[in-house]
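Report on the structure
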Amino acid sequence: MAVTVGVSRLGLGTLRQVPAESRPLVRPGSVPVGIVHLGLGAFHRAHQAVYTEEAIGVAGGDWGIVGVAPRSRAVIEPLAEQDCLFSVTTLSGEGSTTRVVGALAGVRHAASDPQAVVDLLADPAVRVVTLTVTEKAYQLDPVTGKLRADPEVAADLATDRPPTTVPGLLLRGLAARAAAGAGPVALVSCDNLPANGTRLRGLVHQALRQARVPDGLLDWVADQVTFPGTMVDRIVPASTPDTLAVARRALGVSDLAAVDAEPYRQWVVEDDFPGGRPAWERAGAVLTTDAGAWERLKLRTLNGVHSATAYLGALAGYETIADALAMPHLSTVLRRLIAEEVAVSFTPPEGVAVTGYGDEVLSRFANPAIRHRTLQVAMDGSQKLPQRILHTVADLRAAGRSARWAALVVAAWLRFAAGQADDGSALPLDDPLAGRIRAALGSGGGDPAATVDAVLALDEVFPAEVAADDEFRADVAAWLTALGRHGVAATLAGAA
Ligand code: CS2
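Remember, predicted model here, so these are calculated numbers, not experimental data.

The next subject is the overall build of the protein. Counting its regular elements, the protein contains 20 helices and 12 strands. Along the first, second and third principal axes, the C-alpha set of the protein runs to 60 × 55 × 45 Å. Buried residues in the protein amount to 53% of all 496 residues. Summarising the internal contacts of the protein: among those between residues at least 6 apart in sequence, 78% fall at separations of at least 24.

Before going further, it helps to examine the UniProt feature "domain: Mannitol dehydrogenase N-terminal" (unreviewed entry) in the protein. Following the UniProt record, one finds the feature "domain: Mannitol dehydrogenase N-terminal" (unreviewed entry) at residues 34-281. Counted over residues 34-281, helix gives 36% and strand 22%. Its end C-alpha atoms are 17 Å apart.

Turning to the site of the ligand, a few remarks are in order. If you check the shell around the ligand, you find Asn-192, Asp-233, Arg-234, Ile-235, Asn-303, His-306, Gln-376, Val-377 and Lys-384 and nothing else. Among the secondary structure elements, those contributing two or more residues to the shell around the ligand are helix H10 (292-315) and helix H14 (374-378).

To continue, consider the pairing of strand S9 (residues 230-233). Where a strand is regular, its side chains alternate between the two sheet faces. Burial along S9 is two-sided: Thr-230 and Val-232 facing one way and Met-231 and Asp-233 facing the other are all buried. In terms of strand pairing, S9 meets strand S11 (residues 266-270) through 4 bridges, oriented antiparallel. Within the sheet, the bridge partner assigned to Thr-230 lies in S11 and is Val-269.

Now for the sheet that holds strand S2 (residues 64-69). A sheet is described by the order of its strands in space; here 6 strands give the open sequence S5-S2-S1-S6-S7-S8, paired in parallel fashion. Strand pairing shows two members of the sheet lacking a second neighbour, strand S5 (104-109) and strand S8 (225-226), which therefore form its edges. Here strand S1 (residues 33-38) runs beside S2; their pairing, made up of 5 bridges, is parallel. Bridged to His-37 within S2 is Gly-67.

Below, the discussion takes up the packing of H10 against helix H15 (residues 381-398). Orientation of H10 relative to H15, taken along the N-to-C sense of each, is 125°, at an axis distance of 9 Å. Taken together, the axis directions place H10 and H15 in an arrangement best described as oblique. By crossing handedness, the relation of H10 to H15 is classed as left-handed. Taking contact as the criterion, the partners of Leu-299, Arg-300, Asn-303, Gly-304 and Ser-307 in H10 are, on H15, Gly-381, Lys-384, Leu-385, Gln-387, Arg-388, Ile-389, His-391 and Thr-392. In terms of residue class, the contact of H10 with H15 is built from 3 nonpolar, 7 polar and 3 charged.

With a phi close to 60°, Gln-139 is a non-glycine residue in the positive phi region. One non-glycine residue, His-329, adopts positive backbone phi at about 75°. If you trace the backbone, His-329 turns up in the loop between helix H11 (321-325) and helix H12 (330-342). By the C-beta count within 10 Å, which is 16 here, His-329 ends up partly exposed.

What counts and what doesn't
Residues numbered from 1 in each chain as written. Predicted model: local features only at pLDDT ≥ 70, side-chain atom pairs only at ≥ 80, totals over all residues. Helix = DSSP H or I, 4+ residues; strand = E, 2+ residues; numbered from the N terminus. Buried ≥ 20, exposed ≤ 12 C-beta atoms within 10 Å, placed from the backbone. Contact = placed C-beta atoms within 7 Å. UniProt positions renumbered as here; feature names shortened; annotations may be inferred. Near = placed C-beta within 6 Å. Pairing = 2+ DSSP bridges. Axes fitted to C-alpha atoms, helices over the stretch in contact; angles between N-to-C directions. Parallel < 35°, antiparallel > 145°, perpendicular 65-115°, else oblique. Left-handed = near helix turned anticlockwise from the far one by under 90°. Nonpolar A, V, L, I, M, F, W, Y, C, P; charged D, E, K, R; others polar.

The following block contains the structure:
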């Protein structure tokens, strides 16, 4: 991305040019490291980094973050050039505010220097490791939680080569930590996985067994490593040239690692940190003994409805979630999905009405200042749909209820995956299972019922009881037929 000539870059040396209200809450570089974060994407920068900085600002603590980019260098260079400083612009219909965050104490690139990451994980100063690596990087089968038979993971676990995968990095890091006697640590998944703490624990334990490490290491992990579950929430679209332009105007210097985000944020964290943690509650996080109900609420309502909006919106030709939501009848259909299906599929946290939460979610999606692309939310559907939609389906059907609106979301995903919008333009299928999804779609030979049967047979995506459910399959096929014949707009008009 172009740097505007004549505008200096954000960094320690230029901070004093930044308006006082936009400067960091902590003195950058002054906070010793206590956290390693894997996954330096926009979400981490606008979520955990902000909570951590605010917590340190109020309550102190040695909780500086070293951010690790597992693969891409794209964000490493700008952050390194900017002394690890970046800004978060909070966007609402009423305007924006921009603030530089000073919580990052260092950055590392795992792909080019995995040993540096292993060394960090073995550093006694590090007592918390957080992750936002996206669903697919866990390499877990979304339905069963089993570690996938991926050749890269297998090579990481079976050999001494430098680790290239998240399971490999964690395993090597924990082995080094145990060997160094570096003390207990919490590994905290902040990805939108179901029961993310339990999944991450499962990943580590499976990796340990596959790698055939000495029993001593298994015992050490059981004794010294915790896996608190979390619910994370903030809408943070991928940064664009506009993001950088808004940040530059607000800061007076250019920031090539800038992110923007909605005003809302939430973090519910299970309080199981054997080596301590930042006072995140002082920054508004909820510390609890069980985040499960919050996580289900958020994955099924917010993320489920997000995916629904993304697939229907992309098919109907809308570029952003906010624009898609304005299409006639969509919000009526989404409200019915929430009230008639999501809300009755699980027990929400005490005192929370799912329909009220859903209304708030829809108004957040409608924030006109957030240009969240439908295609961004649509990607990796095979990794997202189980926890966002299919668990809802399984619970509804087990209770003898209809899952007709959820079937519409699955049909929209199938039609999206087939690669053509209602106006005939091409839609990209960005998904680790793209090849298998395409093959299943192809084997249906254009017949909706056969297509549904073939795709629902993908057992990494569809729980067996959902795939075997005739009524649900018929609902999906009926929607797929309607979407194919009439397109999204007319299908919604007929249904709402
Ligand atoms: C979105 C999420 O990209 C997606 O799939 O549904 O990233 C969503 O914006 C966040 O989970 C909001 O907390």
